[in-house]
Each structure stands twice: as structure tokens, then as C-alpha cells.
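Report on the structure
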Amino acid sequence: MSVYPNSPLAPDDGPPPLGRNQILKALLGGLAIVLAVAVTTATAGLLQIKGVADDIGGLPGLDTVIGEGDGAQKDQGVDRAEAGDPRTFLLLGSDRRYSDLKKNNKNLRRSLPARSDTMMLVRVDPDEDVITVLSIPRDLKVTIPGHGTSKLNDAYSIGGPALTLETLRDVLGIEINHVLNVNFGGFRKLVTTVGCVYADIDRRYYHSNVGVPPSQQYAEIDIDPGYQRLCGQKALDYVRFRHADNDLVRGARQQDFLRAMKDQVGTSGLAGDRDKLLEIFKESVQADGQLKSVAGLESVLKLALFSAGKPVKQVPFPGSFAEEGGVSYVTSDDAAIERTVRRFEDPPSLQPAKKQSSSSSSTGASSSAKKKPKRKKAAKIDYSLLRNVRREGEDLVANTVASGKVTFPLYFPTRITNSGRFTTNQPNDPNPRVYTLRDRAGKKHQAYRIVMLQNQLEGQYVGVQGTTWRTPPLLKRPTSTRVVNGRRLLLFRDGERLRFVAWRTKRAVYWVSNSLTTNLSNDQMLGIAATLGRFGEGGK
């Protein structure tokens, strides 16, 4: 039953059936498209931006209620941002067909109810060294203005982007400067146009409707674990997957894919596809009133251009799960939301503070003089956070090594978390999974993935990856390095937590992947990576 008055909506607590036109998570493409278009202009400089804006000619535009906030009308529109100011984008995914909207038939619009099960905020600030991303859970318990208490995704179904904007602004106490509504067709095209995206897949994602009653059918998916290249439909399947997942894990998966996409968008690879990107942009994205003008779009493209090289930082949403009146919600308190918004708007810098030497300040030495970087001291790890599984790990990989499928050294975990375990080795889901990984030039590389389950109910899976492709895009920009057990580890942070810890040899590269929601502590990640054992070398 409906949990707020005068609502036409039915409860939506479980994964929606395939027949209900389940909403995509294609909103990830919104910012990526903006950045991609901006990056394609980088080689020609700022003078090209106006040409790009002219080519787009303003976006189709959302309903006119999403305009520029002004005076009494502020609550009905986006908040104005001056040139050079930071901007916050609300990215929405919708299953509504824009070709129908362009017919300007109000009756037809009303007969095509749209749903958006994910909302994402992206903040681009020229004064910050990161782009921050905050996924808002679709099942978040909120008060929808004029409609009472319900899930956040109901705001979109009732009042579209306008009511979603108003609801989010009330819940978060935040200014939102732009709204982008993206459909799944554009997402598929975008991923293909940028040359597909290499993503680190944490586990096996599989569901088939063969032999399943219609009432239990969901979106089909078949993606194996391990680092791999995802194109078009498979990429869409991955980011929109929600069967047996929760809101927080889905949001983390989307943000992880967005980071990978953004990091792999390169100037040389996109320059020749500018026209195609512009066409995707115009066909697949709707925007607020400010972006309907060439001048407004030009301003955003300039901001995107100057921010194109910045890393994307995930800000986790502080949610917990609760059931009220038979309805499952994500809940959060005002204080936790306020702290999260502060981290979103004012993230800690990724750059270490620079110390000015006394010699340079007294002698006037050039601050640009090159200095040898200091070698990181060996780190001490608290191994009590991990348990010894060397024998179990050897047994897991023994048959794989004996088969000869992996001809480079196979390293496996000798220590894992106290609550972790290796997933079961099954015919259709082997652990380790051994496969061929192709780079962008088509060259084949051997690869394997070991999957560890941390918490199945929370969707937490940890992985160990090995491959003879020593320079995958994932390892292009390490945050820092650390020496542990004589190994020089490459560290990749997602906020305060380590997302990946990698280690190179002459023949291959290996890394440990934290869960999508980065549940493992930094000591646990470093400890697992530092104690990876080579099969056949023995040890304690």
C-alpha cells in the first residue's frame, strides 16, 4: 500500500520485474558526456568551446518548471551559479522516450509515466583538485513536498525532475545548479563511442530468465569477475544491475564505473568522434533552462574543460536499512547528512602540503628546482586484522597451476580478513577464473581473478587480480606508494580508504581490489597485498 496520502503509487520494495521497464543507471553518462565533449576541445583551446556549444545549440530542455531560480520562483528552479563558481549537477536516469517528449503532446506525456531509481550529485569546483560524486539512494526515506513521506524515487514518478529537485534540496540543504536527465540508449552509445571501458568486476553477475515464471523475471546479465573491457549493452547491464543488491552497493558500483570511464576518456581517442558525441548528447540528454542556451552551455563546458584531468572522488552516503509498515527504506539522520554534504562540497585535498625549505626562502632559490622524491619508509602492518589461509589458498589454486593455463607466476592470498572466505569453485563460476585479456591494441594477455566474499548480505566482495598486461588503465595514476615486506606497492585511494593496492614484477602486475563500498581498512588492504604468496615457493 502507499505510505503517503493521495499517492497513485504501489510499493516497490523488491527488484522490479523486467516487464515494468526498469530504469537504467545511465545517469552516469551525463557527466561523462559533458567531460568527453570538453576534452575533445582541449587540443584546440578555449576558442573551440563556443563552436561546440553552437553545434549543440542548447539541449532539448526539461519541463519549463526547471528553469533558473529567481526570487519567489527559486524553489521551482535550479540555483544560479556565476562564471567561475563551483557547480553542482543533479544527474537523473529515466526510461522516458525523448522522441515522444519532442512531440509536445501533453496527453501523451501524461500517459508515459517515467521512473528514476537513482539520483547522483556531481560537484565540479575549479578551486578543488577532485570532482566529487554523491549517489543518493532511491529508497531513501524522505518527505516529498505536498505528498508526505515516501521513497525518494517516488518524487520523480509523481512530479518528474522538478519535484525531485525540490525534494533533494530540502533533504540535503544544498544548492543545485544544473539538472541532466539521461536515457539508457545514450549511455550505451556513449560507452561504445569512447572505445568501451575497462572495469574491475568484483564478482560473477548472472541472471537468466530461461525457465523462470514471468512474475520472477528480471533483467538478464552474464558478466564474469575480473578486470575486463565492457562495451554497450554489457556496460549498461552492469551499472543498472539491482537484483540481490542494495542501494548503497549499486551507487558505489555506478561511481566506480564512472571513475573508470572518466579516467579512460583521452583526448586523442575522442577527437575524431566529436560529431558522434555531439549527436549522442543532443539525442540522449535533457537539461535545465540554463543549459538550453548556448551561453549557458558554453559556461559549463569551460568549467568541464578545466576539470577534465581531475580524479573523481566518491563520497559515500550515510545510510542504513529499516523496515516500516512492511516497506523497506534507506534511512539517515540530519547530522550524518550534514557531515556528508560538507565532505561533498569541501573535500580534503589529494595533494600533500608543500613545505618550503629554509635554504630556498633565504637564498631565493627557484621553487621549481627539481628534487629527488623521498623514499617512503617501510610500513608496519597490524596482521592481527587478518588470518592465515596459506594452505587453503594453495589448495584453491593448485589445480589451476597444474593445468598450465597460467604460464606466469601465480600469486594468491596467504592472509585474508577474519570474516572473509574464498568463494566456492563452481563449473560456471570458477575460482580462480583464468581468461584472456585484450588491451586496446588487441594484444592478448593472460589474466586470472581470485574472488573472496566478505559479506554476502552487504554485497561485499574482495578480489586478487593478476595479468601479464603490466600497464592497464586502472593503474595509470597511483595516489602514492608504500614499501611493505620489501614490495613497492602502488596505492589507489577512494577518499580515505584504499580502493586498489598493486604490485609489479618483471613479467606481470598484481593487485588487490577492495569491496565496492571499500569495507576493508587500509591496513587490511596493505596486509593482503604484502603477503600474496607465489605458488610453489612454500612459506609459513
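Scroll up a little and you will see the structure.
Everything in this summary refers to the structure shown in the same document. (Residues numbered from 1 in each chain as written. Predicted model: local features only at pLDDT ≥ 70, side-chain atom pairs only at ≥ 80, totals over all residues. Heavy atoms only, no water.)

The number of helices and strands found in the protein is 15 helices and 26 strands. Looking at the 540 residues of the protein, the share that counts as buried comes to 54%. When contacts within the protein are restricted to residue pairs at least 6 apart in sequence, long-range pairs at least 24 apart make up 73% of them. Put simply, the protein shows about 24400 Å² of open surface, and 48% of that area lies on carbon and sulfur atoms. (Helix = DSSP H or I, 4+ residues; strand = E, 2+ residues; numbered from the N terminus. Buried < 20%, exposed > 50% of the residue type's maximum accessible area, 1.4 Å probe, protein only. Contact = heavy atoms within 4.5 Å. Areas by Shrake-Rupley, 256 points an atom, 1.4 Å probe, with all protein chains shown as cover.)

The next subject is the state of the cysteines. Going through the model one piece at a time under the given rule, you end up with one disulfide. Residue pairing for C196: its cysteine sulfur links by disulfide to C231, the two sulfurs lying 1.9 Å apart. Residues C196 and C231 are joined through a disulfide that is right-handed, its torsion about the S-S bond being 105°. Of the two residues, C196 is situated in the loop between α6 (184–193) and β7 (197–201) and C231 in the loop between β10 (226–230) and α7 (232–240); the sequence distance between them amounts to 35 residues. (Disulfide = S-S within 2.5 Å.)

This brings us to the pairing of strand β3 (residues 131–136). Summarising burial for β3: six of the six residues are buried, a large majority. The two faces of β3 match: I131, V133 and S135 on one face and T132, L134 and I136 on the other face are all buried. Between the end of strand β2 (residues 119–124) and the start of β3, which pair antiparallel, lie six residues. Two strands pair when backbone bridges link them, and β3 and strand β12 (residues 312–314) are joined in this way by three bridges, in the parallel orientation. Opposite V133, over in β12, you have Q314 as the bridge partner. (Pairing = 2+ DSSP bridges.)

Another point: helix α15 (residues 522–530). Residues spaced three or four apart along an α-helix face the same direction, because each turn holds 3.6 residues. Most of α15 sits out of view: seven of its nine residues are buried. Taken as a whole, α15 has its buried residues at Q524, M525, L526, G527, I528, A529 and A530. Its buried side turned inward, α15 meets β15 (386–388), β17 (415–417), β22 (480–484), β23 (487–494), β24 (497–504) and β25 (509–513).

So, about the environment of G93. With respect to the helices and strands, G93 occurs in strand β1 (residues 87–94). Through-space distance from the C-alpha of G93 to that of L180 is 8.6 Å; in sequence the pair is 87 residues apart.

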